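# Breakdown of the fold
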Amino acid sequence: QVQLVESGGGLVQAGGSLRLSCAASGSIFSINDMVWYRQAPGKQRDLVARIRSGGSTNYADSVKGRFTLSRDNAKNTMYLQMNSLKPEDTAVYYCNADVKTTARIVLSCWGQGTQVTVSS
């Protein structure tokens, strides 16, 4: 069993900042990619940023230069620092991780989501 728990969402004014966290726990042997997605009402779920186990990252064009993704492998946690937030960043943010369990089974795990609302 593996669980992902997101935290750090909330309401912020345009131009403000938030830091999201995604912590993985359970029967974890290793974690490969960790990814943030977001889904606005009535829209599809889109990739925001990805970080690989070695630390390399890639970002959606809409967040480049404003969002920074990092991870602490010792804590099985990734962080999304979101600066210069815009109303169009409003969405439910979900984390996803490719986890190899202690039984050597690879799972694609999802968190429950955290709401980010940016007011204009």
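Structure: see above.
Residues numbered from 1 in each chain as written. Predicted model: local features only at pLDDT ≥ 70, side-chain atom pairs only at ≥ 80, totals over all residues. Heavy atoms only, no water.

A few words now on the packing of aromatic side chains. Throughout the structure, instances matching the rule amount to one aromatic pair. Sitting over the face of the ring of Trp110, Arg45 holds its NZ or CZ atom 4.9 Å from the ring centroid. Positioned above the aromatic ring of Phe29, the side-chain terminus of Arg104 is 3.6 Å from the ring centre. (Phe/Tyr/Trp six-rings, centres within 6.5 Å; stacked < 30°, edge-to-face > 60°. Lys NZ or Arg CZ within 6 Å of the ring centre and 35° of its normal.)

All right, on to the pattern of salt bridges then. This model, assessed by the stated rule, comprises four salt bridges. Asp89 serves as the salt-bridge partner of Arg38, at 2.9 Å between the closest nitrogen and oxygen. Taken together, the positions of Arg38 in strand 4 (residues 28-39) and Asp89 in the loop between strand 8 (77-82) and strand 9 (91-101) put the pair 51 residues apart, joining distant regions of the chain. Classification of Arg38 by relative accessible area gives buried; the value is 13%. (Salt bridge = Lys/Arg side-chain N within 4 Å of Asp/Glu carboxyl O. Helix = DSSP H or I, 4+ residues; strand = E, 2+ residues; numbered from the N terminus. Buried < 20%, exposed > 50% of the residue type's maximum accessible area, 1.4 Å probe, protein only.)

The strand order 1-3-8-7 describes an open sheet built from four strands, whose pairing is antiparallel. The sheet is open, and its two edges are formed by strand 1 (2-7) and strand 7 (67-72), each paired on a single side. Going from strand to strand, the sheet's axes swing by 15° on average, the running direction of each strand aside. Looking at chain direction, strand 7 and strand 8 are connected through six bridges and run antiparallel. Along strand 8, the bridge assignment pairs Asp72 with Thr77. (Pairing = 2+ DSSP bridges. Axes fitted to C-alpha atoms, helices over the stretch in contact; angles between N-to-C directions.)

By secondary structure assignment, the location of Thr101 is in strand 9. Residues in contact with Thr101, not counting those within four places in the same chain, are Val2, Ser27, Ile28, Phe29 and Leu107. (Contact = heavy atoms within 4.5 Å.)

By the definition in use, this model includes one disulfide. With a sulfur-sulfur separation of 2.1 Å, Cys22 is cross-linked through a disulfide to Cys95. Taking the sign of the S-S torsion, about 60° here, the bridge from Cys22 to Cys95 comes out right-handed. Placement of Cys22 in strand 3 (residues 18-26) and of Cys95 in strand 9 is noted, with a sequence separation of 73 residues between them. Owing to a relative accessible area of 0%, Cys22 belongs among the buried residues under this scheme. Residue Cys95 is classed as buried on the basis of its relative accessible area, which comes to 0%. Sulfur of Cys109: no disulfide; nearest cysteine sulfur belongs to Cys95 and is 9.4 Å away. Cys109 sits in the buried class, given a relative accessible area of 8%. (Disulfide = S-S within 2.5 Å.)

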